[in-house]
Amino acid sequence: MSESKLTKDRLKHDQLSFGKVMIVGLGMIGGSFAKALKERGLAELYAVDRREGELALGVSTGVIDYPAELTEQFIAQMDVIVLATPVRAMASVLADIKPYLAEHTLLTDVGSTKGSVVEAAVSVFGHMPANFIPGHPIAGAEKSGVLAANSQLFEKHMAIVTPAADSDPVLVDRLHRLWRAIGADVVSMDVEHHDHVLASSSHLPHLLAYTLVDALANSDRSQDVFKFAAGGFRDFTRIASSDPVMWRDVFLANKEATLATLDQFTARLADMREAIEQGDGASMFGVFTRAKSARDHFLRLLEQRTIAPQKDTSSVSLSVLPASVVKGEVSLPGDKSLSHIAITMAALSNGVSQLTNVCLDNGVRVTIQALRDMGVVIETLSESSLRVHGVGLRGLRAPIAPINLHRSELSLYVLLPVLAGQPFAVSVTADDPLLNRVRTDVFDLIRAMGVELAFEREDCLPVKMTPAVPKALSFSLDGASQKLMVSAFMACLFAEQDASLTHAPQDVTQMEVLLQRFGVVVTRSEATISVVSGELIATDVEIVADMYSSAWMALLASLLPGSELVMTNLGLDARAFAYFALLKQIGADIDMPAKGSSGLYEGQVVVRFAELSAFQLSVEQTNQLRTLMPLLCVAAAYAKGQSRMDGIGQLPYYHEDRVLALIDAFGLVQVNAQIESGCLSIDGGVPQGGELDCAGDQYLALAMLALGVRSKTITQIEDCQTLLEEFSELDAQAKQLGLHCSVAQ
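Report follows, based on the coordinates. Please read these numbers as outputs of a predicted model, since none were measured by experiment. (Residues numbered from 1 in each chain as written. Predicted model: local features only at pLDDT ≥ 70, side-chain atom pairs only at ≥ 80, totals over all residues. Heavy atoms only, no water.)

On to helix α7 (residues 169–181), then. The terminal C-alpha atoms of α7 lie 18 Å apart, and with 13 residues this matches the ideal 18 Å at 1.5 Å per residue to within 8%. All of the buried residues along α7 are L171, V172, R174, L175, H176, L178 and W179. In this structure, the buried residues of α7 make contact with α2 (28–39), β4 (80–83), β5 (106–109), β6 (135–137), β7 (158–161) and β8 (185–188). Capping the start of α7 is the job of one residue whose side-chain oxygen sits 2.9 Å from the backbone nitrogen of V170: D168. In the segment just after α7, G183 is the residue with positive phi, at about 100 degrees. (Helix = DSSP H or I, 4+ residues; strand = E, 2+ residues; numbered from the N terminus. Expected span 1.5 Å × (residues − 1). Buried < 20%, exposed > 50% of the residue type's maximum accessible area, 1.4 Å probe, protein only. Contact = heavy atoms within 4.5 Å. Polar contact = N/O pair within 3.5 Å; in protein donor to acceptor, adjacent residues only side chain to side chain.)

The structure is reproduced here in structure tokens:
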């Protein structure tokens, strides 16, 4: 190329983001890098390659603009030079470039090892040049050559930049911008850390794939092995189709890191061989569970990088026909809160626990996944049964990533004190709507445990928790929500000595009973609960019925003529018992269980149709029954006379909001309801029916279904997706009992 041509091209260069870029080695990676810049109009592309045919193809296919050579005429003119040569050729190429390399020229590479590149540079230049910034895109394919060039290869993939301490910061920034410009997510890393990370994540898998295929190909049964191999073999060995020459050079160049990683893997493989030989199924299952958890985490990260989040715009509605009936015997799904608690206690116990009638809704699965991420083996035996291999009170392992509670509020209250009691630092995050929402109540409890907290926003997730020396714990439950009481009991397990909860409710809670099942000593003295810290003992537990579901079913049976419902697996605490007792007081035909030795009312409940009468609730009763207020409002809508409930305005906002939303729904079905001075009055009668919207609230959805069971026309409730996710057996149980309830998309 003549000097006049280069001068003319300088005018064009001034209009390009990265000027003149030379690719040394026009293979698949180098070609893809060039093509990505070319198609985006970001640079004028030159290439050097010992294979003249590749250069000709590069020009004819539009991957590059011009062929070039490693001479002063070209090198001195370049703004960026990218080395995409084999590792073994690096020193030779750098020696050719050295005499003509300008200080302003950014020199970088795309090799998968960095230590050998730095060594090559130091051997040629005598030091690491400030303008040589090594890099490595985490992308590739099994194909080779310029015809395999893919301009989208680096989109949503990581690119690692490994600057030295004295690297030119302006050129480091430029390299970051260069990778970002072609779609990569860029991070910086030191050379040694890079080589060890890549030895584990890339080099070892290739070594295993090559070795496995070679071993099987040379076995006595090689023909049948390949003949009957299926997708798993294909997927695992896919990378053995990569360039053998390149990978030979990679392993020689990254020898120390590869050997260290290989030794670590060999030791774990020996452990697995011993487990198989000894028939140690628990050890094998532990490895498989932790491996699945780690890979699922990797896939989630990969999905976040490659797929834009999409909103689910589907709308699920439920319709209920009047003149239904509920008859028969039913065992209701386990209580959600108790499922979270029992699984967590089993994980912290010594030994193996079997849990039945577990509610495996999305929130409980979040808790299970978090525990699996920390090394707990949890076997799924059926749709509602688990076997949990406990690791001991402080036996959880540090997770490889922040614990993500997603949208599960119960997981937050159950797990935060457990994580605070472990001997390792851990970060906790979540999805909207839990993210960045103030949780002073539970974080005050965590502070009382002596844990150091670091927030992005005070008392909000995400948070980093750093352990401290365990200390004595005394915590007041005055005004505490049910969720905070659960957190407080969990925190007591990790106190340095016996812990106390003051201003406790007078009646025994489900949480206390469950703790005692796992061997925890819990005593009461007036308004104080004492918890004796100590190891938990594995046990088998059947989770009692979900309180809201059982309360809802009892209301349906009371409202529908001809109904006779038997619920077999109830364990009523004082709050749930107060609800059933109130229904009985206003006319419901209910056979109640007796109070057991545990302090709970355990056994079956029988409910038959009966006409209900109006009732009045004091402020104290309204507060006690606040969780069940939507159902009591529906009972009032069908009762004879006017019911009044004081203290609605004093309820926590989320309980008050449910009541207000239900009052709006009452207006649509022609039920007269109004609030004056915090007192709700509801005139009983027969609702009209119509279209209602529960706004995704499962508790409102169930209340609205009850509102429509005896209405004059069909009642349809919109936005019931959450309800069907949380109460997965609703449709089947409705059909079993005779409730005419249908799902529509």
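Attention shifts here to the pairing of β7. Bridge count for β6 against β7 is three bridges, and the pairing is antiparallel. Paired with G135 across the two strands is V161, which belongs to β7. In terms of strand pairing, β7 meets β8 through four bridges, oriented parallel. Each bridged residue has a counterpart across the sheet, and for M158 the counterpart in β8 is D185. In this region the chain leaves β7, passes through α7 and returns to the parallel neighbour β8; the handedness of that crossover is right-handed. (Pairing = 2+ DSSP bridges. Right-handed = clockwise from strand over helix to strand, strands pointing away.)

Helix α25 (residues 698–708) packs onto helix α23 (residues 629–638) with a crossing angle of 15 degrees between their chain directions and a minimal axis gap of 9 Å. By the angle between their axes, α23 is roughly parallel relative to α25. The handedness of the crossing between α23 and α25 comes out as right-handed. Contacts from P630, L631, V634, A637 and Y638 of α23 reach α25 at A703, A706, L707 and G708. When grouped by side-chain class, the residues that make up the contact of α23 with α25 number eight nonpolar, one polar and no charged. (Axes fitted to C-alpha atoms, helices over the stretch in contact; angles between N-to-C directions. Parallel < 35°, antiparallel > 145°, perpendicular 65-115°, else oblique. Left-handed = near helix turned anticlockwise from the far one by under 90°. Nonpolar A, V, L, I, M, F, W, Y, C, P; charged D, E, K, R; others polar.)

Inspection of the secondary structure assignment puts N436 in the loop between β16 (426–429) and α17 (440–448). When the C-alpha positions of N436 and L461 are compared, they lie 5.4 Å apart, and in sequence the two are 25 residues distant. Residues in contact with N436, not counting those within four places in the same chain, are R457, C460, L461 and P462.

In short, geometric facts, not functional conclusions.
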